[in-house]
Amino acid sequence: MAVYTEVTDDALAGFLEAYDIGRVVAFRGIAEGVENSNYSLRTTAGDFILTLYEKRVDPAELPWFLGLMEHLAAKSLPCPLPVRARDGRNLNPLAGRIAAITTFLPGIWPRRPTAAHCAPLGAALARLHVAGADYQAERVNALGPAGWRPLLERCGDSADRVEPGLGDALAASLDGILDQWPQSLPRGQIHADLFPDNVFFLDGAISGLIDFYFAATDFFAYDIAVCLNAWCFEADLSFNITKSHALLRGYQSVRPLGAKEGAALPVLSAGAAMRFLLTRLYDWINTPDGALVTRKDPMPYYRRLRFHTQTTSATDYGL
Ligand SMILES: Nc1ncnc2c1ncn2[C@@H]1O[C@H](COP(=O)(O)OP(=O)(O)O)[C@@H](O)[C@H]1O
Ligand SMILES: N[C@@H](CCOP(=O)(O)O)C(=O)O
């Protein structure tokens, strides 16, 4: 469920007066998504997505995210293009929130990713990295390694309510990851949350990359590690090296990885598993029963973390 803020017909009509995208033909809330309120909007000019940014998004950061999408779309990456109002603004108030209209991207996200999805996914990720290179602005990755210990501490003793001993196990694992974390690797703009539900496919090809609201300036190879976690484990949580090989092959068809990046894949992948484990754990503990958001189980990311702490080199990922 992701319509937290209702938009009345009158409020929508008033909002659209500032834009040059015709009259409303259809308007409905989108059930998918977690963070923001999303509406599908059809006007006489075409299909769009209306997003109202909810409380977890810092309004001061929105121009960076929208600027990145605009930059990538201008380089032909299939990502949403923010629509500007007649006065040039792409962020405007609506129903007590800040809102943006972006272009609608066709396609559906893969419910069961296969190796055939992973190769184009890898290539699209590399294209994103290359295309973002001259987007000069920097955004610190708030959910990068410096943020993990504070997040774990905020979970406190409650982690052990999810599984006895989990708090200590994560603290020890985190020490190991932070000790080995690379000092420097090629870096630039990364998506940082390119899960299957953020990638649309049409006729076997990628037709959309969405949800740039965790994007940041960080190691490119960390973004690959996020995707290895999100795309290359089976439902039984076994690692599928055929998928990771396809993902890395697709990536390298556009941007070859350096030796240091390859060597860092085990620790980067453990770090990426830790990042999603911690945000899920925090939400698991802090989301009240009956809340609109569906909590995501943190434990599958613990299983992934344990896998990555046993890998030793890039060959374990099919590189
Ligand atoms: N540009 C877009 N084109 C088509 N559908 C979109 C677009 N942006 C969002 N959606 C739809 O809205 C849903 C939620 O979007 P998402 O950005 O993942 O929300 P959240 O940030 O709240 O998790 C997506 O699963 C998709 O169905
Ligand atoms: N991908 C994250 C959650 C973020 O949700 P999104 O709908 O904004 O992609 C996870 O799976 O924990």
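Since we're looking at a predicted model, the values are computed, not measured.

Parameters and conventions
Residues numbered from 1 in each chain as written. Chains lettered and ligands numbered in written order. Predicted model: local features only at pLDDT ≥ 70, side-chain atom pairs only at ≥ 80, totals over all residues. Heavy atoms only, no water. Pairing = 2+ DSSP bridges. Helix = DSSP H or I, 4+ residues; strand = E, 2+ residues; numbered from the N terminus. Axes fitted to C-alpha atoms, helices over the stretch in contact; angles between N-to-C directions. UniProt positions renumbered as here; feature names shortened; annotations may be inferred. Core = buried A, V, L, I, M, F, W, Y, C linked by side-chain atoms within 4.5 Å. Buried < 20%, exposed > 50% of the residue type's maximum accessible area, 1.4 Å probe, protein only. Near = heavy atom within 4 Å. Polar contact = N/O pair within 3.5 Å; in protein donor to acceptor, adjacent residues only side chain to side chain. Areas by Shrake-Rupley, 256 points an atom, 1.4 Å probe, with all protein chains shown as cover. Nonpolar A, V, L, I, M, F, W, Y, C, P; charged D, E, K, R; others polar. Domains from an automatic or database assignment. Contact = heavy atoms within 4.5 Å. Buried area = accessible area lost by both parts, 1.4 Å probe. Salt bridge = Lys/Arg side-chain N within 4 Å of Asp/Glu carboxyl O. Phe/Tyr/Trp six-rings, centres within 6.5 Å; stacked < 30°, edge-to-face > 60°. Lys NZ or Arg CZ within 6 Å of the ring centre and 35° of its normal.

K.L.:
For this particular structure, what's the right way to read the sheet that holds strand β4 (residues 92-94)?
P.N.:
One open sheet holds the five strands; their spatial order is β1-β2-β3-β5-β4, and the pairing between them is antiparallel. Of all the strands in the sheet, the pair left with one neighbour each is β1 (24-29) and β4. Taken pair by pair, the neighbouring strands of this sheet meet at an average axis angle of 35°, ignoring direction. Bridge analysis of strand β3 (residues 46-53) against strand β5 (residues 97-103) gives six bridges, and the strand direction is antiparallel.

K.L.:
Explain the UniProt feature "domain: Aminoglycoside phosphotransferase" (unreviewed entry) in the chain here, please?
P.N.:
Under the UniProt annotation, the feature "domain: Aminoglycoside phosphotransferase" (unreviewed entry) is placed at residues 27-257. Across residues 27-257 one finds 36% helix and 19% strand; the C-alpha atoms that close the span lie 44 Å apart.

K.L.:
Explain the nonpolar core here, please?
P.N.:
Across soluble globular proteins, nonpolar side chains have a tendency to be buried as a group. Counting residues in hydrophobic clusters, the biggest one holds 81 residues, and the most contacted among them are L170 and W231. In this structure, V3, L12, Y19 and A85 belong to the second largest nonpolar core, which totals 17 residues.

K.L.:
Looking at this model, I keep getting lost on the site of ligand 2. Mind explaining?
P.N.:
All residues adjacent to ligand 2 are V34, E35, D193, F195, D197, N198, D211, F214, F276, R280 and K296. Contacts to ligand 2 include D193, whose side-chain N or O atom sits 2.7 Å from a nitrogen atom. Take D211: an N or O atom from its side chain is 2.8 Å from an oxygen atom of ligand 2. Look at ligand 2: alone it shows 340 Å² of surface, and the protein chains cover 91% of it. Across the shell around ligand 2, the residue classes tally to four nonpolar, one polar and six charged.

K.L.:
Help me out: how do you make sense of the domain arrangement of the chain in this one?
P.N.:
Often the size quoted for an interface is simply the accessible area lost on bringing the parts together. Domain boundaries in the chain define domain 1 (9-103) and domain 2 (115-317). Contacts between the two partners involve 21 residues from domain 1 and, on the opposite side, 24 residues from domain 2. The contact between domain 1 and domain 2 buries some 1,900 Å² in all, and 69% of this surface belongs to carbon and sulfur atoms. Our count for the domain 1 to domain 2 interface comes out at three salt bridges. For the salt bridge of R139 with E61, the shortest nitrogen-to-oxygen distance reads 2.8 Å. Across the domain 1-domain 2 interface, the total number found is nine residue pairs in polar contact (both at pLDDT 80 or more). The biggest single contributor to the side of domain 1 that touches domain 2 is helix α2 (residues 62-74), with ten residues. Among the residues making up the side of domain 1 that touches domain 2, the classes are represented as 14 nonpolar, three polar and four charged.

K.L.:
Would you mind going over the packing of aromatic side chains with me for this structure?
P.N.:
Any two aromatic rings considered together are summarised by their centre-to-centre distance and by the angle between their planes. Enumeration according to the criterion identifies 18 aromatic pairs in this entry. Centroid distance W64 to F65: 5.7 Å. Interplanar angle 85°. Geometry classified as edge-to-face. The pair formed by W64 and F65 is uniform in burial state, with each residue classed as buried. Positioned above the aromatic ring of W109 is the side chain of R111, whose terminal nitrogen or guanidinium carbon lies 3.9 Å from the ring centre. Positioned over the ring face of F276 is R275, at 3.8 Å from the centre of the ring.

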